[in-house]
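So you can see what is in the structure, the chains are spelled out below.
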Amino acid sequence: MWTPTKNQKFGVVTYNFHHDGIRQSLHLDIGETVQILEESNGWYRGFSTRNRNVRGIFPSSYIHLRPFRIDNEGISPHEGGRQSAPHWLYETVTPVEDGVVQEVASILWEWGQIWKDLYVVLGTPQGNQELWDALRKAMMDLADWRKQLVMGTLTSDQIAQLKLKITRRIDWGNRKLGLDLVPRIEGEMVDPDRMSVVELHQVHVQSAETSKGHSSSTGTLGKKREKRKILSHHLFFCMRAFSYHLGEDTEIFFSLYDAKQSRFISERFLVKLSKEGFSNYIDCINSNCTVFTDLGSADLDSELYIVTQVIRIGRMMFSESGKKTSVQNFRRPYGVALFKLTSSLLKGSDGEPLSFSQVELSGKLFSSDEKDFWQLHELILKKQSNKYSILSNTSYGLVVSVKVLHGELEQATKENPLLLKNVCITKKLGFSDVIMPGDVRNDLYITLSHGEFERGGKSTGKNIEVSVHALDYEGQPIECIYSGTGHDGTTEFSSMVMYHNNSPRWSERLKIAIPIDKFSGAHLRLEFRHCSTREKGEKKMFGFSFVRLMDDEAGTTLRDGAHELCVYKCDDRSKLSNPEEYITMPFITREAVECIYSLPFQRSTKEVMVINTLLCSTKLTQNVDLLSLLRWRSAPDGIGETLSRVSRVDGAETVKFLQDVLDALFAMFSTEDGNSTQHSGHVFQALVSIFSLLEDSKFEHFKPVMDAYITGHFAAALVYKGLISCVRHLSDLCPQTDKQDPILRCFRSLEYIFKFIIQSRLLFARATGGQNEDSFRIDVECLFKSCATMLSVQASNILQTQVTLLENIHGASDQLARVMTAEEVVAHVSSLLNALPQDLPRELGKAKLKAIKNAINSTLFEDDEGRGLLLETVCSCLRLHLDSRLELSLCAEILSDILILTHKHTFRFPHNKLPPSLHMGVETVMLSLADVVIQVILSLDTSAPNADSLVPGLTNLTQFLSAMKSKFVPTHAAMLLGSLGPSSSNVEILTLSGTFVACLMGVFQLMNEKHYARLWEFHSNHGTHNLRHLLHSVIILLADLVKTAVFPPDWFVMRMVTNHTILTAMQEIAQPLILSFLKQGNFDNQLWSTYLNLAVGFLTQPCLQLEQFSQQKRHKVLERYNDMRVLMGFQILSMWHNLDEHRLHFIPGMVGPFLEVTLVPEPELRKATLPIFFDMMQAEQQAKGNFKQVETELIDKLDILISENKGDDEYRQLFNTILLERVRSDDPVWRDSGTAFINSVTRLLERLLDYRNVMQGDENCDKRMSCTVNLLNFYKNEINRQEMYVRYIYKLHDLHLPVGNYTEAAFTLQLHAAQLSWSNRMLHADHLYPAQTETQRKEQIYRQIVNYFDKGKCWEEGIPLLEELAVQYKLHIFDYKKLSEVLKQQAEFYEKILKGGRYDNEYFRVGFYGFGLPLFVRNKVFIYRGLEYEQITAFTQRITNEFPQAKLLSHNTPPDDAIRSSDSQYIQICAVKPVAAPKPEFDGGEVDERILKYYMVNHIKHFTYDRPTYRGQPDKENEVKNLWIERITYVTESELPGILKWFEVVEQRVEQLSPPQYACETVHKNNSHIRQMINHYRVNQQDNIQPFTMRLQGTIDAAVNGGIAKYQEAFFGSEYLLINPEFTEHVTKLKGLISEQTMILEVALELHGKIAPAANQPLHKRLIEVFEGLRTKVRKMCSTPQSQRSSSSLQSTPHTHRRADSDPAQEFRRIGSIINSPLPPLPSDKKEMSGGPSSSTSGNSSLRSSQASSLYGHFQAASHDDDLYAKPQEWEESLSAFRDTRPRSALITDSRGSSPKSLTRSLNNDYIIVPPARLSDERQRWRHSSRPPSPRRVTQDSLNTSWSDSHGSHESLPPLPPRGGEKTSRSVSLGGEDDQPPPVLPKRMGKKCTSPAMFGSDLLLSESDSGVSNGFLPTTPDTPPLVSPRNHRTPPPPPIPPKTSSTPLTPVTPTSGAGEESGGDRTLLSTQDYLQVSPHSSLDDLTPTTPTNHIVYEVDTTRHSLADNYSVPPRLQPPPSTHP
C-alpha cells in the first residue's frame, strides 16, 4: 500500500534506472534529483525535478536521500474549500545544502547539454573547438571545486575564496555561452523577492561588470556593499630542509628584501643549527618557523625576495674545520641564497589573495669573496656571475615553505590556529600602514655597516671583530640585543670576522629593544678586536666606539641614518668599566673635529666606524617641534610659537603620536572650567590641520585611530561649546573675507569637529546629568542659521566654500542625531537646503544633490518622523532638477537610495498593511516624482538609441509607439546631453535610462491599491485631461519597455521582476480606464487602443515565452511568478468584455494583436481569447452587414504570424472547434458565412503550418514548393486575395531558381503575367518592381519568362510570348527596335528547336502513405518530372533523402489500409510513361520529327504504368500464352511541366490488355525499331554496324524465348481462337504485324548486306538463310494467298515524296535517329544473355525501365538497378491510348545494289517509300510516327491508292515531278554469293562487356524502344509498286563518308566541305562521333563532347571486344582519327 512520505522527500539517483518492462516505471539517470511522494515495500513514487509532469515508481535502493525543506507546505490555491488536487502539487521541496553547491550542480547539468551539442557540430563550419575545450575544462574545474566544498575540510577563509572562484567561473561560462546573468552579492545568488527592483538593478550592473572582468571587486556588490579593504598582510615562513653539512655550528638568517628599493624591509629571522646538522635539530619544534608581519599592499606589489645568509661558527679557515674542536670560534661568512616571492604567490592568480596551502621553494647557496659578502645578494640579483659561484652540493640545497595570510594578525591566528601556534613574530622595519591606539613599539635597529682601521705595522690586514654592548647610564648591561628573531635577547653581539681585511663591511643588522624607562641614559659601545688565527691566540682589543641613543637636552632620540663613529684607542677592556669616563666624549666624527677639550681616550683619527640607525617607536620622537608640543606644560610661555610650528611637523610623526598630540591640544584649547584661552583659535587651527591630515590618502588609514581615540581616550567634556563657536565664527566670517582656505579646511573637517563636539557634550551630560541642554540646542541652531545665511549669499569668491559645506554637512548631521531628535536635525538640514536660491550655479546645484544623497543615506532616514520630513524636502528638490533635466545621474542615484531604503522598511510589513509613516512616505514619492520620472524616461528614450541597437537580436520599437511618443513627449535631447556632460555617450544615456526605469518600477513595486487610487484621484482633481495625460504617458512608457530592450537580454531575473511589476501596474491602470474613459461621452479610443496594444505586447514578448526555456528554468519561473501570459490574457479578456458596444472601434486594428495573443502556445489562454474573434465578427456584422474587415485582417496577419514560427496544429484544431462551437451555440444570422469563413481559415492554417514546417533545410526544397503552391492556390481560388497570391508566386519563383528549375520558374511567373493586361494603368512600386504602367510591368515579366524558357530549353513555350510581344511592339507601342529584337530572338528559338539537343525527362509515380507524413502529401499519389539526366535510382535517392524517416515499399501493388492508416511513413516509387496529348494542328501535313518530339513528353497530363498478371497457371515453356497486362492510366491535376515538377494524381483508370493484344504492341515496337535502324544506316553507313547486326540477329534467329515461334504456338493454333473468340481481331492483327515484319526484315537485310564489312559477311549469309525459313513459316502461318506473295523487295504507297537531289543525311536528321534504339542480344546462351544489364543504344534508357533480354522474352530478366523500383514493369512500353491521333511523318529511304538470285527482283520504281509507323515507347518521346493500318484493311485495292492513317484520313501529298536522267529500275541486294557455303557462326563473348561508352554489351541486352519509329505499310510480298518510275528521279549517290572514321573533338557543324561534296548540307557522324554524343541527346544535335582519355579507352576497348566477337578483321575496322 502506498503511503505518503514525510521525512523522505528529496533524493539523488545513484544508479541508472531504465526498465520498460515495469509498469509506470520512471526513467532515471545517475545524478538526477527526485521528489518523493509515496513509498511502498522498497519502492518510491515521485517525479524527477527535471520534469515534474511525469511521475512514476523507482526502487528506494537507487536513491540517496538528502536533507530538504518544504517552502510552501500545505499551501493550495483552493484555500477555504475542498481541495481538488493533492497538496504536493503545490509543494516546493528544495535540498538543504550550500547555495553554491546547488548552483554548481544545476550549472553542470545545463552546460553538459550545451557541451554535447557543441561536440556534435565539431568539424563543421558551425563548430568551435576552442569553446568546446574551454567549456570542458571549466566543467571539470567546477566539479572538482564542488567536491572540495562538499568534503568540508577547508577553513572558512578557504571556503569563501573557493566560492568566489566558483562563481567567477560560472559567470564566465554563462557569458561565453550566452546564458542568463546570475545576480550576486559577495558570490551568493540574490533573492529578487527580498530586495527592491532598484537594488536588483544595481546588483545586475555590478554582476555584469564582474563577469566581463571590468571589476576587480570580490563578487557582485551593490554600490554601498564595498568589500572591506585588507590593510595588512603576513607571510608565514618555515625552513623545511638544509642539506649542506658544514661540520660546525651554523646561523641562518632570513629576511625580506625589496629589490625595487634595494633595501631590507624586515627584521632578520635566525635559525641556529648544531654541527650535527638540520636532521638532529630538535631544539624547538617551531624554531624554524616565523611570520613576517605588517606587510602593506605596496609591499606585495613590489619585487620581494627572501634573502638567506649562512654564517658558520668555528675556525678561521673552513679547511681546518675537520680538526679537533677549536678553543676560539669565529663567526665567518659562508653563503647566500635567494627565494623570489612571485606575484601569483603573494596575490593569487587573478590579482586577489588566494592561498589555501603552503608553497615550497628550493634554492642553492652562492659564495663570493669575503669583501663582497655584504652585497652578495645584490650581485646574484644583478647576475654578475663573475663575482660569485654556486656552492657544490649534490643534494636538494635549501628548502623553505611560505604562505600568505591576509587581514589582522589576530584574525589570521584565529583562522589558522595550528599553523601559527607558538610561532615567533618577525616585524617589519618601520611602522605598518595603520597604527592602532594601544600599539606600543620601541625598537632601535642598528646596522654595522663598515669600518676603516689601521694596519698597525703588520704586513697583512687584521681579522677584525666588532662586539656590540648595550649599557644603561650606570654601565650595567641590558639584555636587549637581538641578532635575529626566534631567540632571546643578549647583552652583547659579536660580528662576523673578515679575514685579513682592514676595511671590513659587515652589513649586519641588530635590534636594540631597550625598555622605554631606560632609553634616556642608555648607550651602545662597540669594541674592536683583532682575532689571531693561532690555535690558542686570544682576541686582542685595540679600540672602541660608542653612541648615545638620546639627546638629554632636546629629549630627542638619535636621528635615523648613517653615523660615522669615532674610534678611540683602548687595549684593556677594564678601562671601560665606568661609562662616565667616556660618555661625555664626542662619539661622532663631526663633533670630535670641533672638540677643543682634552679627552680621556685618544682618538684614532684615521680609523672610523660607520653604523646605520632606524627608530620604530610610538613613544620616542626625533622631531623637536613635536616634542615641544608634547612638553607644552614645561614651557607655557612658548605655546604660541609651539602651535605655529605644529603645521611644519611631518604628518607621519604626528599620526604616530596622535593620541598624545590631541591630548596636548585639547588641554590647551580651554581652561578647566570650559572657558576659552588666548590660544583657543590657534589650537582650533591645529586641530583642523590634523583632521585635514586624515583626509590625505596617505593617512586615511589612521581614521580608525582617531575614532578609537574619540570613543576611548578623549576626556575633554567642556570643549564642545568652544568648538561650536569656532565653526560659527568662520561661517560668519566667510562672506566677509577673501581668505577662504582656513574656512575650507574647517568645513572639510566638520565630521571630526562634530564628533568631538558630540563626544564632549555626551561626557558633559554624563557628568552633570544633562545640564545646559537648551543652551546646546540654541548654539547648534545659531550655527545652522549662520551657515544658512552664508549659503544664501551669491558670490563667486565663496562658491567653493559653499560647495564644501554642503558636501560635508552630513558629517555634522549624523553626529547631531546622537544627541538630538531626527526631526530636529532634519529641520536644520532642510533649512540649509531651502536657503539656497533657485537659480544655482551648476557646481552648487550638484553639491546640493550630494548633500541630499548624504542625508538620505544617513541615520536620519531610519527614523519615521525624520524620514517623512526629509522626503518632502528631498522630493521637491528632485522634482525641480528633473523638470529642468539637470544632473540626472545624481538624481537617479538619490531616487535609487530612497526606494531601496524604503523597500527595506516596507518589506517587514504586509503589502496592504503598512504603518502610516511608511504609507505616507511612499505616497509622497509617488505623487511628487512618478509623473516627472515617466517624462524623463521618455525623453531619454528619444535622445538615445535603445538597447536593441546595442544588443543584436531584439526587435525595434514599433511605429505606433514612436508616433505616440512624438505626440506626448517633448524633445530634451540637447538638454539631456548638456546635463550629462559633453562626453556622454549613447551607452551612458542608455545606462541612465535603465536606472530611471528601475526607479519607476521601484515606485510601482512600493505602491498598493490605495496608493494607485490616491494617484488617480490626485491627478483627476486637476482635471480629466491631466489624468488622461498621466495614463497615456504611463501606457506609452510601459509599452516602450515591453517592446524595446532597456535591459540587456541576459538580465533575465531583472526582466522577470520588471514584467511582474508591469503586470500589477496594468491591472491597476485598468480601473481609471473603465471608470473615467469608457462611458459614451468620455470614451477615449486612443487610450484604450494603447492599453490593449500594451497588453498584447506584454503577453507576446520573448522573455515570457516559457516554451523556449529549459525545464528547470521554466519551473523556476512558474514557481515564482506563475504564467504571466495567462494572467495578462484574462486581463485582456476582461477589458474586452467591458468595451461592449465600443468594440467596433477596434476592428480591424486589434485583429492582428489579438490573433498574436491567441497564437501563444498556452492552451488555457487560447481557449479564453479565441472567442474574441467571434465577438469581432458579430460586432462588424451588426454594424455593416458583413465581417469583411475581420476576414481580411485575420488572413493577412495570420500569414505573417505563422511565418514567424507562431502557432501549431493544436491551435488550428482549437480555432476551428471553439469558433464553430460558438457559431452553433449562438446561431447568428450569419451562421453559414461564418462557418464557411472559419473552415476557410482552418484550411489556410493547415497550409501555412505545412509551409512553415519545411522552411529550413535543403532537403525540404520540394516540400516548400508544394506548400507554396497550396497557398497560392488557396489565395486565388478560395478567398481571391490577389496581393497574397502574387506574393506567393514570387516565393515559388525564388524557390525554383536556386535549384535550376528555369522552366517551372517561367510557368510560375506566367501566373503573375496572367493577372496583368496591356494597359497604361499605373502600378505602385514594390520591392521587386518600380512604379510603372501595367504594360511595362507585363513586358518586363514576359522578358524574364522568355529568358527562363530559353534556359530551360522550352523554346516552344517562349515563342507565343515573343509573338505576343511582337504584336504589342508592332501595333500598339510602335517600338520597332524592340520588335526587331523580339523577332530575332524568335528566330533563334526556331533554330534551337531544330539544332539544340534536349533531354527527354523521365516521369515517376510516387505514392506517400501513412499518417506520419505531412498533411499535404499524406496518402496521396503524385507524378514527378525527373531532373535532367536523372534516372530512377537517383530519383529514389532524392525522394528518400527528402523523407528520411520513410520506408520504401518494394512492390508497386496498391497498399492496404493498414499502411495508409499507420503512424509511420511509406513511399512507393515506379517509372511511368507519358501519353502525349493530341495536336490537331499537326494532322494532315508533314511535320519535322524534331518539332513533334517536344510534345511527346511535354504538355502531359496522362501517364501509364503496366503491371503483368497471369490468368491461370503460367506456362513455363511459353509465358506469353496467358500473360495479361494491367495498364494503369494516371491523370494529374495539371500538365507537366508546370509551376511544379510534380502534380497530384486526380484520376486513375485501370485497363486489362490480353496476351495477343500485348503481343501486337510488342511486335509493332520491334518493327518500328528496325525501321529506325534502316533509316539511320542508310544515311550513316560509316557507323558501327554491330547494333544493326544484333537487332537483325535477335529478330530473325531469336535464341531466347523462341521469337515468333512462341507467338505461333500460343495464338495461331485453331484451338486458341475457339477458346478465346474475343481475341480474333488481335490475333489477326498480330499476323499482319508479323507479316509486316518479314517485309521490313527483307529491306533491312538488303541494307545490311550492302554495308556489312567482309568479316561480317558470313554472319550475314547465315541470317539470309534463317530469314528464308522464317519468311516461309510466316507465309504459311499468315495463310497469305500466293497471288499476293512476291519475292521482290518491299514496296509501299508513299505518304509524301522526297526530292531526288535532297541529301539523305539531311533527310535523316529531319525524320529522326536510332541513337536511342535498343538492340536485341546476340543469339547465345540463354542464361548468359538474360542476366546482363540493360542499356539503350545511346545510354539514354539504361536505367529507365527493365526490359527482357530477348525481343519476345519480356519477363525473364530485369536491370539490377530497377529490381526494387520497377520490378513489376519488366516489358516494353505499351501503345498509347492517344496514339491514333498523332500526325504522320514520312521517311524516304533509297535502296541500291543487287541481291542474291534467290532473293533478287527488279523494282519498278526508284524508291522504297516507307510510311511512318506509330510511336510506341517512352524512349521515343522526341520522335513521331503514324500508326500503320490494320492488316485487315490491307487489300489490293488499298495498296493501289494512297496510304492513309488509321483515322481514315485520305489526304496525301502529290508525287514530286520526275527529273531528267532517272534510272528506270533499281535492284535490291542482300549481299553474298550464290555458291558460297553458309558461314560459320562466330563464337560468343566469354564475358559481358560493361563499358557504356559505345554500342557495347550493355546495349546488347537492352530492349529499349527509344529512337525514331518509321512505319512500313503492311503489304504482302507480291504487292506491286504504288508509284510509277516516271514520277521519280534517280536519287543522288550516297554522301561520301569522311576520310577518318571519327572526329571526337570536332563538333559537327554545317560546312562547305565533305557535306557539300556528298550533296548534303551537313557533315555526317562517324561511329566515334556517336560515342561522344550525350547519352540523353537525340541525333538532331550530334555535337560530340570532348572525351577524356578514360572514355576513349573504354570506347576503343569495347569496340575491339565487339570486333573480336564478330570476327571482324582489324584491317576492316575504322582507322583512328587523324582529325586535329
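Residues numbered from 1 in each chain as written. Predicted model: local features only at pLDDT ≥ 70, side-chain atom pairs only at ≥ 80, totals over all residues. Heavy atoms only, no water.

1. Remarks on helix α44 (residues 1302-1314)
Then comes step 1: With 13 residues, α44 extends 18 Å between its outermost C-alpha atoms, agreeing within 8% with the 18 Å of an ideal straight helix rising 1.5 Å per residue.
Then comes step 2: Restricting attention to buried positions, one finds in α44 the residues Thr1303, Glu1304, Ala1305, Ala1306, Phe1307, Thr1308, Leu1309, His1312 and Ala1313.
Then comes step 3: In this structure, the buried residues of α44 make contact with α43 (1282-1296), α45 (1334-1351), α46 (1355-1373) and β35 (1420-1425). (Helix = DSSP H or I, 4+ residues; strand = E, 2+ residues; numbered from the N terminus. Expected span 1.5 Å × (residues − 1). Buried < 20%, exposed > 50% of the residue type's maximum accessible area, 1.4 Å probe, protein only. Contact = heavy atoms within 4.5 Å.)

2. As for the environment of Leu871
Then comes step 1: Among the structural elements, Leu871 can be located in helix α23 (residues 864-883).
Then comes step 2: We classify Leu871 as buried; its relative accessible area is 1%.

3. Some points on the packing of aromatic side chains
Then comes step 1: On inspection of all chains with the given rule, the structure shows 63 aromatic pairs.
Then comes step 2: Each residue in the set Phe544, Phe546, Tyr568, Tyr582, Phe587 and Phe601 is aromatic and connected to the rest through ring pairs, giving one cluster.
Then comes step 3: The residue whose ring lies beneath Lys511 is Tyr482, and the NZ or CZ to ring-centre distance is 5.2 Å.
Then comes step 4: The residue whose ring lies beneath Lys1631 is Phe1612, and the NZ or CZ to ring-centre distance is 5.4 Å. (Phe/Tyr/Trp six-rings, centres within 6.5 Å; stacked < 30°, edge-to-face > 60°. Lys NZ or Arg CZ within 6 Å of the ring centre and 35° of its normal.)

4. Description of unusual backbone geometry
Then comes step 1: Residue Pro1148 is reached from Ile1147 by a cis peptide bond, and omega for that bond is 5°.
Then comes step 2: Along the chain, the position of Pro1148 falls in the loop between α35 (1124-1139) and α36 (1151-1158).
Then comes step 3: The peptide bond linking Leu1536 to Pro1537 adopts the cis configuration, its omega dihedral lying at 0°.
Then comes step 4: You can see Pro1537 is positioned in the loop between β39 (1523-1536) and β40 (1542-1553).
Then comes step 5: For Asp1140, which is not a glycine, the phi torsion comes out positive at approximately 50°.
Then comes step 6: In this structure, Asp1140 sits in the loop between α35 and α36.
Then comes step 7: Positive phi, close to 55°, is recorded for His1499, a residue that is not glycine.

5. Quick word on the sheet that holds strand β24 (residues 464-471)
Then comes step 1: Within the open sheet, the nine strands sit side by side as β25-β27-β23-β31-β30-β29-β28-β24-β26. Their pairing is antiparallel. Two strands bound the open sheet, and with one partner strand each, they are β25 (481-482) and β26 (492-494).
Then comes step 2: Where strand β23 (residues 442-452) lies against strand β31 (residues 603-617), 10 bridges are found, and the strand directions are antiparallel. By the bridge assignment, Asn442 is partnered in β31 with Ser617. (Pairing = 2+ DSSP bridges.)

6. Re the side chain of Arg1337
Then comes step 1: The topology assignment puts Arg1337 in helix α45.
Then comes step 2: A relative accessible area of 6% places Arg1337 in the buried class.
Then comes step 3: Within the local environment of Arg1337, its side chain forms a polar contact with the side chain of Gln1332, the two groups lying 3.1 Å apart.
Then comes step 4: Once you skip the residues sitting within four places of it in the chain, Arg1337 turns out to touch His1312, Leu1316, Leu1323, His1324, Ala1325, Asp1326, Tyr1329, Pro1330 and Gln1332. (Polar contact = N/O pair within 3.5 Å; in protein donor to acceptor, adjacent residues only side chain to side chain.)

7. Some thoughts on the pairing of strand β27 (residues 505-512)
Then comes step 1: The buried fraction of β27 is high, at six of eight residues.
Then comes step 2: Pairing of β25 with β27, which is carried by two bridges, proceeds in the antiparallel orientation. Opposite Ile481, over in β27, you have Ile512 as the bridge partner.

8. Side note on the pattern of salt bridges
Then comes step 1: Going through the model one piece at a time under the given rule, you end up with 80 salt bridges.
Then comes step 2: Here Glu1283 and Arg1281 are joined by a salt bridge, their closest N and O atoms 2.6 Å apart.
Then comes step 3: Of the residues examined, Glu1283 reaches a relative accessible area of 46% and is grouped as partly exposed.
Then comes step 4: One network of salt bridges, with partners in common, ties together Glu251, Arg268, Arg331 and Glu508. (Salt bridge = Lys/Arg side-chain N within 4 Å of Asp/Glu carboxyl O.)

9. Focus: α36
Then comes step 1: Buried residues dominate α36, accounting for eight of its eight residues.
Then comes step 2: Of all the residues in α36, the buried ones are Val1151, Gly1152, Pro1153, Phe1154, Leu1155, Glu1156, Val1157 and Thr1158.
Then comes step 3: Buried residues along α36 sit against α33 (1085-1100), α35, α37 (1163-1169), α38 (1171-1184), α39 (1188-1203) and α40 (1209-1226).

10. Quick word on the packing of α39 against α43
Then comes step 1: Interaxial distance between α39 and α43 falls to 11 Å at its minimum, and their mutual angle equals 25°. The orientation of α39 with respect to α43, classified from their angle, is roughly parallel. Classified by chirality, the crossing of α43 by α39 is left-handed. From α39, Asp1196, Asp1199 and Ile1200 reach across to α43, where they touch Glu1283, Met1284, Arg1287 and Tyr1288.
Then comes step 2: Of the residues belonging to the contact of α39 with α43, the class tally is three nonpolar, no polar and four charged. (Axes fitted to C-alpha atoms, helices over the stretch in contact; angles between N-to-C directions. Parallel < 35°, antiparallel > 145°, perpendicular 65-115°, else oblique. Left-handed = near helix turned anticlockwise from the far one by under 90°. Nonpolar A, V, L, I, M, F, W, Y, C, P; charged D, E, K, R; others polar.)

11. Remarks on the sheet that holds strand β21 (residues 398-406)
Then comes step 1: On the basis of which strands lie adjacent, the open sheet formed by five strands has the order β18-β21-β11-β15-β22 and mixed pairing. Edge positions in the open sheet fall to β18 (359-363) and β22 (424-426), since each of these has one partner strand only. The mean inter-strand angle of the sheet, taken between neighbouring strand axes irrespective of direction, is 30°.
Then comes step 2: Pairing between strand β15 (residues 289-295) and β22: three bridges, direction parallel. The residue of β22 that forms the bridge with Phe292 is Thr426.

12. Considerations on the confidence of the model for the protein chain
Then comes step 1: In the predicted model, the protein chain carries a mean pLDDT of 77, and 77% of its residues have values of at least 70.
Then comes step 2: Note that pLDDT drops below 50 for residues 75-85; the model gives that stretch 10 contacts with residues more than four away or on any other chain.
Then comes step 3: Below pLDDT 50 for its whole length, residues 350-355 participates in 17 contacts with residues either more than four positions away or in separate chains. (pLDDT = per-residue confidence, 0-100.)

13. With respect to the nonpolar core
Then comes step 1: The biggest cluster of nonpolar side chains holds 323 residues, and the ones touching the most others in it are Phe1173 and Tyr1275.
Then comes step 2: Those residues in contact with Tyr1275 that sit more than four places away from it in its chain are Ile1195, Asp1199, Leu1244, Leu1248, Asn1280, Arg1281, Met1284, Tyr1285 and Tyr1288.
Then comes step 3: Listed in part, the 67 residues of the second largest apolar core include Phe253, Val466, Phe493 and Ala522. (Core = buried A, V, L, I, M, F, W, Y, C linked by side-chain atoms within 4.5 Å.)

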